[in-house]
Amino acid sequence: MAGLPVPLPSAKMAAVEKRRPAIAPAAGFTDSGRPSMSRAAATAENEEDFLRQVGVTKMLRAALLKVLEARPEEPISFLAHYFENMGLSTPANGGAGEPPGQLLLQQQRLGRALWHLRLAHHSQRTAFNNNVGVAYECLSASGRKKKPGLDGRTYSELLKRICRDGEAPEEVVAPLLRKIQCRDHEAVPLDVFRTGMLTCFVLLEFVARASALYQLLEDPTLAVADRRMGQAVLDTLEGALQASNSATAPAHYLEAGSLLGPDNLALAMDRALVARRPSSPMTREEFLEKAAALFIAKVKPVG
Amino acid sequence: MMLSPERLALPDYEYLAQRHVLTYMEDAVCQLLENKEDISQYGVARFFTEYFNSVCQGTHILFREFSFIQATPHNRASFLRAFWRCFRTVGKNGDLLTMKEYHCLLQLLCPDFPLELTQKAARIVLMDDAVDCLMSFSDFLLAFQTQFYYSEFLESVAAIYQDLLSGKNPNTVIVPTSSSGQHRQRPALGETSMLEGVEASLFYQRLESLCDRHKYSCPPPAVVREVLGNVQRLTFYGFLVALSKHHGTNQALGALPDKGDLMHDPAMDEELERLLAQIPDLVNTVTASPEASCLPSRTPHRAGFSWRTLHHARKVDAESDGSTEETDESET
């Protein structure tokens with residue numbers, strides 16, 4: 001299958017239907033025991049019409065495009081989430097009767113924006129930028145009488161949600177939020193919004209990796225790391241961050257992080273070990289906070 | 001989320017094919033057309049949500065047609081897992097079943113499951129002959145798993161084996177003394193077994209290149225190497241038995257727990273007990289074993305019947321091999 005060109009889904013779907021016409025319960029069309037060619041074709045055509053009318057064709061095409069844009073590792077669970085979100089945003093007929101309140105609407109909008117933002121990893125820049133654009137529109141089209149646009153309050157709320165869901169400790173990300181937040185009634189332009197989102201996601205990944213790093217340093221019995229060791233790693237990290245002098249795109253910090261070869265780190269840690277003196281412990285929180293501070297120091301404040 | 005550059009670099013259609021995205025999308029549409037009433041009630045998005053969730057959970061293969069069940073590696077693994085979960089109690093009770101009975105169980109989950117496949121699995125357990133013997137659940141399951149999951153691969157293996165047997169391979173000379181020097185270090189062990197089957201190193205060479213170019217799932221090459229590296233000569237069924245019993249095969253497939261844990265699933269046992277406790281009247285009939293509905297009732301004495309002797313007989317078989325597999329090969 002790998003080498004074959006894949007036909008468009010609609011064409012292939014029709015082929016599938018032709019192969020098994022008797023199963024589809026299109027009443028009155030397939031009632032006879034022996035399906036004739038023309039009947040089978042008619043059924044297939046009929047079903048294609050049906051799929052178009054119900055909106056399935058359009059829905060699947062959009063879903064497929066999203067899959068191709070995001071290239072998720074697990075496309076099937078991606079699709080499950082995709083349709084789940086779609087079901088939430090457009091309740092089925094007969095579903096929720098009255099329109100939801102303002103607050104609920106706002107929450108739904110935030111949820112949808114978040115969902116779009118998470119469709120693609122930030123390193124897939126084109127897909128990520130597209131999704132940022134869609135999220136921005138979701139939040140801006142507020143439906144209220146006020147002029148459309150995204151205000152600082154919603155933007156800050158979104159940033160907080162992302163950080164909270166990213167499971168980074170609050171004190172670690174708080175300095176970043178202070179730096180990239182806007183005032184509540186300020187209008188947030190798209191480029192500020194995009195930079196904010198990107199920085200936020202990159203920081204979360206940075207913190208996740210710093211956390212993995214700490215886990216290696218951690219003494220499993222004491223649940224803390226040696227301070228000299230932690231400091232040596234942080235210093236190496238700082239050195240690498242300063243080495244990349246292009247201070248524009250936050251992604252460069254990640255690149256610099258990858259420059260931290262294991263040998264470099266090992267050397268630093270070895271030096272710390274050799275100069276062994278009685279040392280105090282360093283907690284995970286402190287390590288993460290210090291590591292994040294190195295990153296956040298490089299972020300340009302908004303406005 | 002970790003990055004996987006390989007996935008991002010693939011052309012669109014290859015990415016979709018590799019992950020069988022279109023297979024599931026098509027099937028979702030077929031299912032939708034078969035359940036039009038559902039969508040008028042719940043909406044299309046909800047229908048698709050549930051469909052794709054069930055694919056993720058592996059419950060989408062229950063009671064589906066065979067062509068779908070074998071359509072993707074994920075479907076095959078899901079089916080194996082479902083089979084194990086549903087009928088694990090057979091193994092727990094120590095019941096031994098015949099090939100036909102296992103086939104009944106398979107058909108409970110997949111009504112058009114082909115008998116041929118069950119037969120092939122049984123031949124792995126029983127070393128080709130005596131297909132109506134009794135088998136333990138875990139023996140059958142492991143053999144069945146290999147046969148079902150790797151069936152295309154095994155077909156190619158059978159063809160290669162035939163080639164080697166009939167000396168079609170240009171490099172092959174079946175006479176042991178003429179094989180390349182380094183394989184002749186060890187003295188021949190059993191004189192008789194030397195003449196059966198094919199030479200392992202040649203077989204391995206052919207299988208290695210098969211694994212390289214095979215477009216279907218293959219067992220991990222390291223496992224194949226290990227299986228073939230331990231012997232000088234082996235027969236087709238000798239290979240299949242070793243492959244299906246190798247824990248690396250089971251691990252790579254990932255559908256079932258380790259052999260030792262096949263009967264061990266405390267979470268589900270608890271769940272079962274909880275359910276049974278709710279229906280005290282049914283306890284006796286339900287615990288009697290799940291196959292009760294489709295199989296002839298098993299008389300108690302059979303549970304302990306000749307498990308040891310059967311097992312022993314099979315071991316003997318494995319060592320001094322059956323000579324009938326050639327005839328068997330020709331029919332596959």
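Structure's up top.
Note that the structure is predicted; figures quoted are calculated from it, not measured.

Student: Explain the sheet that holds strand β1 (residues 218–219) of chain A here, please?
Tutor: Within a beta sheet, neighbouring strands are joined by backbone hydrogen bonds and run either parallel or antiparallel to one another. Residues and elements named next belong to chain A. Pairing within the open sheet is antiparallel, and its three strands lie in the order β1-β2-β3. Two strands lie at the open edges of the sheet, namely β1 and β3 (281–282), each paired on one side alone. The sheet contact formed by β1 and strand β2 (residues 224–226) spans two bridges and is antiparallel. Among the inter-strand pairings, E218 is bridged to a residue of β2, identified as A225.

Student: Explain the side chain of H122 of chain A to me, please; I cannot follow it from the model alone.
Tutor: As for its placement among the helices and strands, H122 of chain A is situated in the loop between α5 (102–118) and α6 (125–140). Among the polar contacts made by the side chain of H122 of chain A, one reaches the side chain of E205 of chain A at a distance of 3.0 Å.

Student: Explain the packing of aromatic side chains to me, please; I cannot follow it from the model alone.
Tutor: Two numbers describe a pair of aromatic rings. These are the distance of the centres and the angle of the planes. Applying the stated criterion across every chain, the model contains 32 aromatic pairs over all chains. Ring plane angle 55° and centroid distance 6.1 Å describe the contact between Y155 of chain A and F193 of chain A, whose orientation is recorded as tilted. Of this pair, Y155 of chain A sits in helix α7 (residues 152–165) while F193 of chain A sits in helix α9 (residues 190–217); the two residues are 38 residues apart in sequence, bridging distant segments of the chain. Take Y155 of chain A: its relative accessible area is 0%, and that puts it in the buried class. Of the residues examined, F193 of chain A reaches a relative accessible area of 0% and is grouped as buried. Lying across the ring of F50 of chain A, K36 of chain B places its NZ or CZ 4.6 Å from the centre. The residue whose ring lies beneath R64 of chain B is F68 of chain B, and the NZ or CZ to ring-centre distance is 4.0 Å.

Student: What am I meant to see in the environment of E218 of chain A here?
Tutor: Residue and element names in this part refer to chain A. Its place among the elements puts E218 in strand β1. Residues E218 and M229 lie eleven residues apart in sequence; the distance between their C-alpha atoms is 9.7 Å. Excluding residues within four positions of it along the chain, E218 makes contact with A223, V224, A225 and R284.

Student: It is not clear to me how helix α8 (residues 99–109) of chain B should be interpreted in this structure. Could you clarify?
Tutor: In an α-helix, one turn spans 3.6 residues; hence positions three or four apart end up facing the same way. Within α8 of chain B, the full set of buried residues consists of M99, E101, Y102, H103, L105, L106 and L109 of chain B. On the buried face of α8 of chain B, the contacting elements are α7 (73–92), β1 (96–97), α9 (115–125), β2 (135–136) and α10 (137–149) of chain B.

Student: Hey, could you run me through the side chain of T249 of chain B in this one?
Tutor: Residues and elements named next belong to chain B. Along the chain, the position of T249 falls in helix α15 (residues 247–253). Here the side chain of T249 touches L243 through a polar contact of 2.7 Å, landing on its backbone oxygen. Every residue in contact with T249, bar those within four places of it in the chain, is listed here: T146, Y150, V223 and L243.

Student: Please explain the nonpolar core as it appears in this structure.
Tutor: Looking at soluble globular proteins, one finds that nonpolar side chains tend to be buried together. Grouped together as the largest cluster of nonpolar side chains are 106 residues, with contacts concentrated most on F83 of chain A together with F48, F52, F79, F83, F203 and F239 of chain B. Both of domain 1 (5–57) and domain 2 (151–258) of chain B provide at least three residues apiece to this core.

Student: For this particular structure, what's the right way to read the pattern of salt bridges?
Tutor: Side-chain pairs of opposite charge can arise where the charged atoms are in close proximity. One pass over the structure, following the stated rule, counts 20 salt bridges over all chains. The shortest N-O distance in the salt bridge between D184 of chain A and R153 of chain A comes to 3.9 Å. Placement of D184 of chain A in the loop between α8 (170–180) and α9 and of R153 of chain A in helix α7 is noted, with a sequence separation of 31 residues between them. R153 of chain A sits in the partly exposed class, given a relative accessible area of 44%. Among the ionic pairs, R206 of chain B bridges to D163 of chain B, the shortest N-O distance being 3.6 Å.

Conventions we followed
- Residues numbered from 1 in each chain as written.
- Chains lettered and ligands numbered in written order.
- Predicted model: local features only at pLDDT ≥ 70, side-chain atom pairs only at ≥ 80, totals over all residues.
- Heavy atoms only, no water.
- Pairing = 2+ DSSP bridges.
- Helix = DSSP H or I, 4+ residues; strand = E, 2+ residues; numbered from the N terminus.
- Polar contact = N/O pair within 3.5 Å; in protein donor to acceptor, adjacent residues only side chain to side chain.
- Phe/Tyr/Trp six-rings, centres within 6.5 Å; stacked < 30°, edge-to-face > 60°.
- Buried < 20%, exposed > 50% of the residue type's maximum accessible area, 1.4 Å probe, protein only.
- Lys NZ or Arg CZ within 6 Å of the ring centre and 35° of its normal.
- Contact = heavy atoms within 4.5 Å.
- Core = buried A, V, L, I, M, F, W, Y, C linked by side-chain atoms within 4.5 Å.
- Domains from an automatic or database assignment.
- Salt bridge = Lys/Arg side-chain N within 4 Å of Asp/Glu carboxyl O.

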